[in-house]
Every structure is written in C-alpha cells, then in structure tokens.
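Chain by chain, the residues:
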Amino acid sequence: MVSLIAFGYFLGKKDVPKRTYAKEVKEHYITKELLNDLSKIKTKKPHQAKKLVNKTKTGKQEKVLVSQKKNFEQAPLKERGIEKKIQKSEVKEKTVLAYRGKKPKLVIIVDDVHTKAQLQAIQNLGMKITPSIFPPYQLAKHSNLLARNLKHYMIHLPMESGSSQFNKQTKTLMTSFSDERIADRVMEIRRLFPKAKYINNHTGSVFTSNYKAMKKLYIALKLEGFTFVDSFTAASSKVRKITHELGDAYVRRDIFIDNTQTVPYIHRQLEQAVQKAKKNGYAVAIGHPHKITMQALASSKQILKDVELVYIDEIYAKR
C-alpha cells in the first residue's frame with residue numbers, strides 16, 4: 001500500500017506554532033448559488049462491470065470483470081511508476097514555513113471561485129487575495145481556464161462531506177476510492193492546472209477525518225508537486241498528523257470570515273484573523289465570492305493595517 005511504503009521515507013515533524021483547536025467545527029456550508037447549482041445535478045447510477053470472455057495462454061476460456069473506466073480511472077499505480085518513486089524517495093522536497101519577518105502575515109483565501117465575474121470581483125479589490133478555483137464540474141465545465149493568466153491561486157478540491165447534496169459535485173473524492181482512483185484524479189487535476197501549487201479541500205469533513213484515505217491523497221498530491229492546505233472543516237481532521245509524519249509544515253484555516261453575510265460581521269471576523277496572525281506569526285482566513293464579502297474586504301484597510309496581507313505561497317518555502 002502506498003501509504004505504508006511512503007511512511008518509511010517521510011518522517012519527522014516541523015516546528016510550527018502550537019495552535020488551539022476547537023473541539024467542534026461545523027461543516028463548511030457553501031454559497032447559496034452553488035447549492036442551487038448542485039440541486040440541478042442529477043446523479044447517475046454507476047456503470048455495472050461487464051463480463052467478458054478471454055482466452056488464456058492454454059486456450060481455456062475464463063470470465064474477466066472489466067470495469068467501465070472513466071478518464072480518471074486508468075492504469076494502476078505500479079504501471080505509472082508511483083510506487084517506485086516513493087521507494088526511491090525521489091520526492092525529497094519538504095514544505096516548511098517561510099521566514100515570518102517583523103510584521104505578522106495574513107492570508108485571505110476566497111473559495112468556490114468558478115466564474116469570470118467572481119474572479120474579476122476579487123481582482124478589482126487590488127488586494128493580495130488568493131482565489132481558490134473549483135475544478136471543472138457540470139455547471140462550470142471550463143473553470144480551470146480561469147487560472148490561465150494567474151500567478152497566485154489555489155485549487156478548491158471537492159472531497160467527501162457528511163452531506164449527500166455536497167457530494168453530488170463532479171468527481172468528489174470519496175473515502176471508498178482505491179489508491180488508483182485517487183492518484184488518477186490528482187494527475188487529472190495536474191493536467192487541468194499545470195502550474196498550480198496549492199490545493200485546499202471543499203467541504204471534506206468525512207474525507208479529511210479518514211486517516212487512510214487522506215494519507216493516500218496527501219502522498220499523491222505531494223508526488224504531483226502540490227501542497228495541501230487544510231480548510232479545517234472538521235476538528236477530527238487527520239491532515240495535521242499526516243503532514244508531520246511526512247516531514248512537512250501544517251497550515252490550516254484559522255477562521256471563516258463570512259458565515260454570516262453582513263459587513264460588520266465580516267469585519268469582526270477579520271479582526272479576529274488579525275489577532276491570530278499577531279499571536280502565531282501568520283493566519284489563514286477563508287471567505288467566499290459573495291458581493292457582501294467583496295464590499296467588506298474593500299472597506300477593511302484600517303482593520304488590516306497591522307498585518308502584511310500575502311498570497312498563500314508567501315507563507316511557504318521549500319527545503
């Protein structure tokens with residue numbers, strides 16, 4: 001198994017600030033617009049495996065089950081050389097935190113981005129805001145093209161949550177997926193976003209809480225050159241444990257800024273994010289492409305005066 005093989009090659013823990021974790025974290029609820037989109041999606045029944053009759057070398061016939069494979073279900077890990085890469089420890093690069101400097105750093109991520117209008121609204125702010133873009137799905141089939149001319153962005157990867165409605169999104173990663181299917185999905189994401197470096201989870205409370213599945217995904221992401229940022233949609237997330245086992249720094253979301261969509265509320269959340277940044281040297285806040293969120297960010301200059309607003313890649317370094 002990939003996770004067991006990799007475990008022997010990536011050990012150690014990075015010195016990161018001790019963080020206080022809430023005992024309970026509610027699942028991150030997505031934008032109303034996206035929920036409306038998901039309600040229109042009709043889920044298809046999985047294809048039944050077909051029985052084919054093949055001839056063996058001895059001339060005897062045997063029944064073979066052949067799955068109807070999708071684009072993301074292709075050759076197994078062994079054929080793609082992934083196990084060899086892990087065995088040879090070719091992925092030696094570690095993810096560590098960048099030098100903090102005198103001024104605390106604050107990252108603001110805007111999740112759920114899948115339209116040109118949303119991206120333009122973020123860019124119009126003239127602030128260092130990191131958009132996190134959905135991979136293509138039924139109602140945004142070319143969302144990956146939004147990243148073509150961007151230098152700073154992330155991928156917002158749908159992962160299994162406790163809600164069947166959220167899990168309707170195209171190719172949501174499920175804990176039941178095999179090593180091959182997880183690896184193939186990651187390689188597909190790399191083809192869609194060839195220059196991307198950072199990924200965070202969309203919902204994903206169930207997936208990130210499953211150690212076995214999350215470690216498979218983390219290793220597959222690492223092999224494709226991705227760094228995973230934990231949106232921390234569940235207090236039971238295993239991402240911190242896995243990143244430390246593999247010798248990487250752990251970075252997670254500290255605060256959601258727009259669970260309530262009013263300017264005063266969002267400003268108060270930003271104030272809390274600033275305080276966390278002052279305490280720990282950096283903080284990560286997540287919002288969404290609501291008009292009210294854009295208005296609140298546009299009028300937050302005074303709130304953010306004591307921190308350095310940076311893109312997600314400015315708090316990381318490679319070693």
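These figures come from a predicted structure and were not determined experimentally.

Asker: Honestly, the packing of helix α6 (residues 179-192) against helix α8 (residues 211-223) in this entry has me stumped. Any pointers?
Answerer: Angle between the axes and distance between the axes: these two values describe a pair of packed helices. One can describe the packing of α6 onto α8 by two numbers: an axis separation of 9 Å at closest approach and a directional angle of 40°. Relative to α8, the element α6 is oriented oblique. For α6 against α8, the interelement crossing comes out right-handed. Where α6 approaches α8, its residues Asp179, Ile182, Ala183 and Val186 are matched on the opposing element by Ala213, Lys216, Leu217, Ala220 and Leu221.

Asker: Would you mind showing me how to read the pairing of strand β10 (residues 282-287) here?
Answerer: On any regular strand, side chains alternate: one points to one face of the sheet, the next to the other face. Burial of β10 is extensive: six of the six residues sit out of reach of the surface. Burial along β10 is two-sided: Tyr282, Val284 and Ile286 facing one way and Ala283, Ala285 and Gly287 facing the other are all buried. Judged from the two bridges that link them, strand β9 (residues 255-256) and β10 form a sheet pairing that is parallel. Looking at the pairing, phenylalanine 256 lines up with isoleucine 286 of β10. With helix α10 (residues 263-280) bridging β9 and its parallel neighbour β10, the resulting β-α-β unit is right-handed.

Asker: For this particular structure, what's the right way to read helix α11 (residues 291-298)?
Answerer: Along an α-helix, residues three or four apart share an orientation, since each turn contains 3.6 residues. Inspection of α11 places Thr293, Met294, Ala296 and Leu297 among the buried residues, and these make up the whole buried set. The arc that holds the buried residues of α11, viewed along the axis, is 165°, so those residues lie on one side. Turned more than 90 degrees away from the buried face of α11 sit Lys291 and Ala298, all of them exposed.

The rules behind each value
- The residue numbering used here restarts from 1 in each chain and proceeds along that chain's sequence as written.
- Where totals are concerned, whole chains, interfaces and linings use all residues; where local detail is concerned, this predicted model gives features only for residues with pLDDT of at least 70, and gives and counts side-chain atom pairs only at 80 or more.
- Hydrogens and water are ignored here; the side-chain numbers use all heavy atoms of the structure.
- Convention adopted: a line fitted to C-alpha atoms gives each axis, helices being fitted over their contacting stretch, and angles between N-to-C directions are expressed from 0 to 180 degrees.
- Helix and strand definitions follow DSSP, with helices as H or I runs of at least four residues and strands as E runs of at least two, each counted in order from the N terminus.
- To sort the angles, those under 35 degrees are grouped as roughly parallel, those over 145 as roughly antiparallel, those from 65 to 115 as roughly perpendicular, and the leftovers as oblique.
- By convention the crossing between two helices is left-handed if the near helix lies anticlockwise of the far one by an angle smaller than a right angle, and right-handed if it lies clockwise.
- Only heavy atoms matter for contacts: two residues are in contact if any of them lie within 4.5 Å across the pair.
- Under the scheme applied here, a residue whose accessible area is under 20% of the maximum for its type counts as buried, over 50% as exposed, and between as partly exposed, the area being computed with a 1.4 Å probe on protein chains only.
- Paired strands are those between which DSSP finds at least two bridges.
- Orienting the strands away from the viewer, one traces the path from the first strand over the helix to the second; a clockwise path indicates a right-handed crossover.
- Note: the arc covers the axis-to-C-beta directions of the helix.

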